[in-house]
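# Examination of the molecular architecture
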Amino acid sequence: MSTPVDTAANAANAAAPQSKKDYVTDQEVRWCPGCGDYAILNAVQQVFPELGIPREKFVIVSGIGCSSRFPYYMNTYGFHTIHGRAPAVATGIKVARPDLSVWVVTGDGDALAIGGNHVIHMLRRNVGLKVLMFNNRIYGLTKGQYSPTSEQGKKTKSTPYGSSDRPFNPITLALGADATFVARSIDVDGPHMKTILRRAAAHNGSAFVEIYQNCNIFNDGAFENVREKESRSENALYLEHGKPLLYGKDRKRGLRLNGFHLEPVTVGENGVTEKDLYVHDEHAPDAAAVLLARLPGPPETPIPMGVFREVTVPTFEDKVREQIRDAETRFGPGDLEKLIRSGDTWVVKSA
Amino acid sequence: MSTTEKTPAGTRRVETIDDVIIRFAGDSGDGMQITGGQFTATSAIVGNDIASFPDFPAEIRAPAGTLPGVSGFQLHFASSDIYTPGDAPDVLVAMNPAALKVNLGDLKRSGTIIVNKDAFAQKDLDKAGYKSNPLEDGSLAAYRVIALDLTRLTKTALESTGLSSREMERCKNFFSLGIMYWLYGRPLEPTLRFIKEQFKKNEKYVEANTLALKAGYTFGEATEVFQITYEVPPASLPPGEYRNINGNTALTLGAITAARNAGLELFLGSYPITPASDILHEMSRYVNYGVCTVQAEDEIAAVTSSLGAAFAGCLAMTTTSGPGVALKTEAIGLATMVELPLVIANIQRGGPSTGLPTKTEQADLFQALFGRNSEAPVPVIAAQTSGDCFYAMYEAARIALKYMTPVILLSDGYLANGSEPWLIPDLSKLAPMVVRKRTDAAGFHPYLRDPGTNARPWAVPGTPGLEHRIGGLEKEDGTGNVSYEPLNHEKMVRLRAQKVASVVQDVPDAEVFGRESGDLLFVGWGSTHGAITVATRHLIAEGHSVGHLHLRWLNPMPKNLGAVLKKWKRVVVPEMNLGQLSFVLRGKFLVDALSLSKVQGRPFTESEIVEKAHEVLGGLR
């Protein structure tokens, strides 16, 4: 048995400065050695104390899979639910208590296979949930079957001759569901991940963050192109609002809009200057974010990292609460005695 | 008892009768549910006891005039207390040949048929599959047939309104209702108020339907067709203030009342499904009563969002029917594991699969008791009458909160849509709620249990110092930490079972209506209450040694149940399934419970139960 929670340390000092250790539980972390999940846990534990939110206001909700063990390792309120249903459980929490900071931790199988329906509906409603989707392109906890993000033809235990499925692109899926905040990061890039986590926390509405996460047991090297520092500086395109789409070690390569395509070009060659490059606009209501999301990746194009889209739309919970407040203003607080007598009533006198 | 009175149409008799059963039947577009509902409401207001049984097709508008498109509404009203919509109607109001054909078989021998003669053209007869016109071929000779030109009469009455012919025709249900009001001496005012409210967005429909209703009434008065009118005096119900209520409304009000008495917000996550949707509709209107509703993307999201709201401190519930419960099963298991309060209301319908969406059945008892993986016990309560849905819902919520457990509430299509006069409860007399919210962090562990009930504390997110994790993995006793320890697992399985078993302290002892012991005991549950009650009275009046025990809690069952069952020579269990309760009683109590099954999407009639009793009692002689 663990020791009872120390009240004095937390309750009285909710607003007091917090540190990473406030968010560490006494539970032994049981991911495989070398798993990318450790780095994500570390980043979250570092970012939460900075957000100015009392610890008791955090709720982490997860489904099933390796990623979904996350809540057990965070000293906040946590709910490890059932496969695929975390967004729906979290929706109930957030609508009931909009003041809570509710985070959903999920994986590519949990969010996009069994839980696909809840993900798209959460995003279209714009429920104020922060969704961290660890994408390792494999089922880890069930020991190595292909997932909805595995590449076509992938040989796994359940696809010995290669999978026949075409994969989802999680970013285009989220954009297609009209998500109001869509971003990508990677487990090995701690500073970038923390920036994105802060941005997600600050967003008012659903924040969908795909985190490339290496499963070194069942799908090692899935993100080889952007994993090592060297290759990342060559292949990753760091999206910055209002800045031209530049990438590459010497920042000479860029993307130019050609018809409805983003075309890789080299600045200084064939008369191309920085002014010809497409300028990233996070708030654009049009399809630019989709073009970025659909880039095929190396060797033809870079892989974008960062915020694809952030737009401001009223949240679901705010709309629901507003409607309740409006009804209270219009009709007054409900009088139960009146309600149970609604319609015609009559009195039977004692004989 | 009868008197005579002078009317312009000549000398008429007013006959005083104790009870009448009327069935209104027509196309699903003919407004029969409104007609029946209005007659019911008005009869309740004049003080009759009532029981109604709406019976409509699953299709919104099946092809007009065909047999599958027939929608019916049976109503029983009386000056004495009644428990069912009655077996065979005295009067059938049939708006077309299809309605006549579908319903004639149920009508009492020598019963009255009122038909709309205008709807008996050759094409209408063809659609209903009549080879010859039943109004002319003598096939209805055993009945009293009153054939009226309802369509023509309605149109004549509405000539001045400027409505199209089609619009005028659609008012014929109010015209026929007017005739029936006259025939049974009912006032028009309640329906006139209803028309004003219902059509308030279109003044010309208010005018037209008002005219049609009044014209029907006047027609009844003026015509010589009806030589007898009827008076059904008020019933001697227990004193108090009454309203008319159906099961879904009662359930809605029970939930709002429970949340109010518990000082909690009510959260309803639901997905539309017949016959439960009306609860979602009604609840969504009452957001100023501390209610928050979410129409989820599917049945699973409906229950899981509710479970999330329960974690966040709401009185949470979800409403559905059998197929929806099937989808919610895994989440109910999770609720059992994380021990959060949650009410799952199953408004049962005919199954399996999509089955008979608009028809009633009570075949989800096994599903409620056993329908989860592993050992996942859940308290199960069943409402007995439409009005009782209020109390059953209140009780389900009270137990969910007191024991920190999901609770399944069983209602069915018959209770949901049927209505009865309801003695408005004194809210201050309802059982108090126990809410286990904890704020004190000293010595807190999420799975430390209350000694009396085994309930764990409710530590709601936002409470400083009580941060903790819950989830579907097995818990270590006390701390709630994940544990794979073999002995801990068995301990927790037993603890969860023991917690649900201890709900028995809140379950009143079973009481038998009739005598203490004897030849035949009926054991029922849910909506068979009315039919078994009248059958038992009938048998007792015949001099038989019979009793009736109706189970409200199906899990846990009353402490004294085993002992009571053993006092009877025969136990008969009437159920709208293939014998689910009788199976459970046999397994639990080693009693030879005989099953009386009916799975036709329709409730039991009194005579079906009486007949079975005669057979069983005959075997005892």
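Residues numbered from 1 in each chain as written. Chains lettered and ligands numbered in written order. Predicted model: local features only at pLDDT ≥ 70, side-chain atom pairs only at ≥ 80, totals over all residues.

### Some points on the overall build of chain B
Of the regular secondary structure elements, chain B holds 20 helices and 24 strands. Expected size for 621 residues packed as a compact globule is a radius of gyration near 25 Å; at 27 Å, chain B falls within 12% of this value. Dimensions of chain B, computed from the C-alpha atoms along their principal axes, are close to 85 × 65 × 45 Å. Residues counted as buried form 56% of the 621 residues belonging to chain B. Sequence-distant contacts, at least 24 apart, represent 74% of the contacts inside chain B between residues at least 6 apart. (Helix = DSSP H or I, 4+ residues; strand = E, 2+ residues; numbered from the N terminus. Rg over C-alpha atoms; globule rule 2.2 N^0.38 Å. Buried ≥ 20, exposed ≤ 12 C-beta atoms within 10 Å, placed from the backbone. Contact = placed C-beta atoms within 7 Å.)

### Brief notes about the overall build of chain A
Looking only at helices and strands, chain A has twelve helices and twelve strands in total. For chain A, the spread of C-alpha atoms along the three principal axes comes to 100 × 55 × 50 Å. Scored against the burial criterion, the 351 residues of chain A give a buried share of 46%. Partitioning the intrachain contacts of chain A with sequence separation of at least 6 by distance along the chain shows that 67% fall at a separation of at least 24.

### Concerning the domain arrangement of chain B
Residues and elements named next belong to chain B. Looking at chain B, the domain boundaries give domain 1 (2-231), domain 2 (243-429) and domain 3 (512-620). A straight line from the C-alpha centre of domain 1 to that of domain 2 covers 35 Å. On the side of domain 2, nine residues touch domain 1, which itself brings 13 residues to the contact. Looking at the side of domain 1 that touches domain 2, the elements that each hand over two or more residues are α1 (32-45) and β4 (49-55). Per-element accounting of the side of domain 1 that touches domain 2 gives the leading share, six residues, to β4. (Domains from an automatic or database assignment.)

### So, unusual backbone geometry
Here T274 of chain B and P275 of chain B are connected by a cis peptide whose omega angle stands at 0°. Examined against the element boundaries, P275 of chain B turns out to sit in the loop between β11 (266-270) and α10 (277-285). Note the cis peptide between N555 of chain B and P556 of chain B, where omega equals -10°. The phi angle at N270 of chain A is positive, at roughly 50°, despite the residue not being glycine. With respect to the element layout, N270 of chain A can be found in the loop between β10 (261-266) and α10 (288-293).

### Some details on the pairing of strand β2 (residues 77-80) of chain A
On a regular strand, each side chain points to the face opposite its neighbour's, so the side chains alternate between the two faces of the sheet. Burial of β2 of chain A is two-sided: the residues Y77 and F79 of chain A facing one way and the residues G78 and H80 of chain A facing the other way are all buried. Bridge count for strand β1 (residues 58-62) of chain A against β2 of chain A is four bridges, and the pairing is parallel. Bridge pairing in β2 of chain A places V59 of chain A opposite Y77 of chain A. Inspection of the sheet shows β2 of chain A paired to strand β18 (residues 469-471) of chain B by three bridges, in the parallel sense. Note that in β18 of chain B the partner of H80 of chain A across the bridge is G471 of chain B. (Pairing = 2+ DSSP bridges.)

### Quick word on the confidence of the model for chain A
The predicted model of chain A has a mean per-residue pLDDT of 94, with 95% of residues at 70 or higher. Note on residues 1-14 of chain A: pLDDT under 50 across the span, and 26 contacts to partners over four residues away in sequence or across chains. (pLDDT = per-residue confidence, 0-100.)

### Notes on the sheet that holds strand β4 (residues 129-135) of chain A
Strands sit in the order β7(A)-β11(A)-β5(A)-β6(A)-β4(A)-β3(A)-β1(A)-β2(A)-β18(B) across an open sheet of nine strands; the sheet is mixed. Two strands bound the open sheet, and with one partner strand each, they are β7 (236-238) of chain A together with β18 of chain B. If you compare each strand with its neighbour and ignore which way they point, the axes differ by 20° on average. In the sheet, strand β5 (residues 181-186) of chain A pairs with strand β6 (residues 207-212) of chain A via five bridges, with the strands oriented parallel. Residue I186 of chain A lies in a different strand from β6 of chain A, and its bridge partner there is Y212 of chain A. Along the sheet, helix α3 (residues 86-96) of chain A makes contact with β1, β2, β3 (101-107) and β4 of chain A, crossing β3 of chain A at roughly 180°. (Axes fitted to C-alpha atoms, helices over the stretch in contact; angles between N-to-C directions.)

### Observations concerning the interface of chain A and chain B
At the junction of the two partners, chain A supplies 62 residues and chain B supplies 68 residues. Breaking the side of chain A that touches chain B down by element, the ones donating at least two residues are α1 (7-10), β2, α3, α5 (116-125), α11 (316-331), α12 (336-339) and β12 (345-348) of chain A. Of the residues in the side of chain A that touches chain B, the class split is 31 nonpolar, 20 polar and eleven charged. (Nonpolar A, V, L, I, M, F, W, Y, C, P; charged D, E, K, R; others polar.)

### Topic: the packing of α1 of chain B against helix α7 (residues 189-198) of chain B
Residues and elements named next belong to chain B. Where α1 meets α7, the closest approach of the two axes is 9 Å, and the angle between their N-to-C directions is 135°. With respect to their mutual orientation, α1 and α7 come out oblique. Along this stretch, α1 crosses α7, giving a crossing that reads as right-handed. In this structure, α1 uses Q38, A41, T42 and I45 to contact α7, whose residues at the interface are P190, T191 and F194. Across the contact of α1 with α7, the residue classes tally to four nonpolar, three polar and no charged. (Parallel < 35°, antiparallel > 145°, perpendicular 65-115°, else oblique. Left-handed = near helix turned anticlockwise from the far one by under 90°.)

### Quick notes on helix α6 (residues 172-183) of chain B
Under the 1.5 Å per step criterion, the end-to-end length of α6 of chain B is 17 Å for twelve residues, consistent within 8% with the ideal 16 Å. Restricting attention to buried positions, one finds in α6 of chain B the residues K172, N173, F174, F175, S176, L177, G178, I179, M180, Y181, W182 and L183 of chain B. (Expected span 1.5 Å × (residues − 1).)

### Quick notes on the sheet that holds strand β14 (residues 342-348) of chain B
All names here are of chain B. Read across the open sheet, the seven strands follow the order β12-β11-β13-β14-β16-β15-β22; overall the sheet is mixed. Edge positions in the sheet fall to β12 (291-295) and β22 (553-555), since each of these pairs with one other strand and no more. Taken pair by pair, the neighbouring strands of this sheet meet at an average axis angle of 20°, ignoring direction. Where β11 meets β12, five bridges bridge the pair, whose relative direction is parallel. Paired with F267 across the bridge in β12 is C292.

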